[in-house]
Amino acid sequence: MHLRTLTTLLAARWERLKNADDAGQTSAELAVIVGVIIALAIGVAAAIKTFVDGKIPLISG
């Protein structure tokens, strides 16, 4: 799934939860949304680290 599509879906679902338009929301659903956001943040951090390591290799010795 594309990142933009996933972001749009999460944002729309979050707005519905925030506005209480969906009475069937659960704490598990909120936990899944937070988990996806954390996973995306870890992915971005890993990509940045890989890019930086390629540009500035660490000296191990």
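Structure's up top.
Residues numbered from 1 in each chain as written. Predicted model: local features only at pLDDT ≥ 70, side-chain atom pairs only at ≥ 80, totals over all residues. Heavy atoms only, no water.

**Remarks on the overall build of the chain**
Part 1 of the reasoning: Scanning the chain for helices and strands turns up 2 helices and 0 strands.
Part 2 of the reasoning: For the chain, with 61 residues in total, the buried portion stands at 7%.
Part 3 of the reasoning: Carbon and sulfur atoms provide 70% of the accessible area of the chain, an area that totals close to 5,100 Å². (Helix = DSSP H or I, 4+ residues; strand = E, 2+ residues; numbered from the N terminus. Buried < 20%, exposed > 50% of the residue type's maximum accessible area, 1.4 Å probe, protein only. Areas by Shrake-Rupley, 256 points an atom, 1.4 Å probe, with all protein chains shown as cover.)

**Considerations on the packing of helix α1 (residues 3-18) against helix α2 (residues 27-55)**
The axes of two packed helices give the description: the angle between them and the distance between them.
Part 1 of the reasoning: One can describe the packing of α1 onto α2 by two numbers: an axis separation of 11 Å at closest approach and a directional angle of 145°. Considering only the axes of α1 and α2, their crossing is left-handed. Two secondary-structure elements touch here, α1 through Leu3, Leu6, Leu10, Arg13, Trp14 and Leu17 and α2 through Glu29, Leu30, Ile33, Val36 and Leu40. (Axes fitted to C-alpha atoms, helices over the stretch in contact; angles between N-to-C directions. Left-handed = near helix turned anticlockwise from the far one by under 90°. Contact = heavy atoms within 4.5 Å.)

**A few points about a nonpolar patch on the surface**
Part 1 of the reasoning: On the surface, Val44, Ile48, Phe51, Val52 and Ile56 cluster together into a nonpolar patch covering about 490 Å² of accessible area.
Part 2 of the reasoning: Position of valine 52 relative to the elements: it lies in helix α2. (Patch = residues over 30% accessible without salt bridge, like charges linked within 9 Å, V, L, I, M, F, W, Y side chains within 5 Å. Salt bridge = Lys/Arg side-chain N within 4 Å of Asp/Glu carboxyl O.)

**Things to note about α1**
Part 1 of the reasoning: For α1, spanning 16 residues, the distance from its first C-alpha to its last is 22 Å, which sits close to the expected 22 Å at 1.5 Å a residue.
Part 2 of the reasoning: Every buried residue belonging to α1 is among Leu10, Arg13 and Leu17, and all of these are buried. Projection of α1 onto a plane perpendicular to its axis shows the buried side chains occupying an angular sector of 70°, all on one side. Among the exposed residues of α1, those pointing more than 90 degrees away from its buried face are Arg4 and Lys18.
Part 3 of the reasoning: Residues of α1 that are buried make contact with α2.
Part 4 of the reasoning: In the stretch just after α1, alanine 20 is the one whose phi turns positive, near 60°. (Expected span 1.5 Å × (residues − 1). Arc of directions from axis to C-beta.)

**Describing the environment of leucine 3**
Part 1 of the reasoning: Within the fold, leucine 3 resides in helix α1.
Part 2 of the reasoning: By relative accessible area, leucine 3 is classed as exposed at 52%.
Part 3 of the reasoning: Spatially, the C-alpha atoms of leucine 3 and leucine 40 are 9.0 Å apart, while their sequence positions differ by 37 residues.

**Thoughts on the environment of leucine 10**
Part 1 of the reasoning: Mapped onto the fold, leucine 10 is located in helix α1.
Part 2 of the reasoning: A relative accessible area of 16% places leucine 10 in the buried class.
Part 3 of the reasoning: Here the alpha-carbon distance between leucine 10 and isoleucine 37, two residues 27 residues apart in the chain, equals 8.9 Å.
Part 4 of the reasoning: Not counting residues up to four positions away in its chain, the partners in contact with leucine 10 are Ile33 and Val36.

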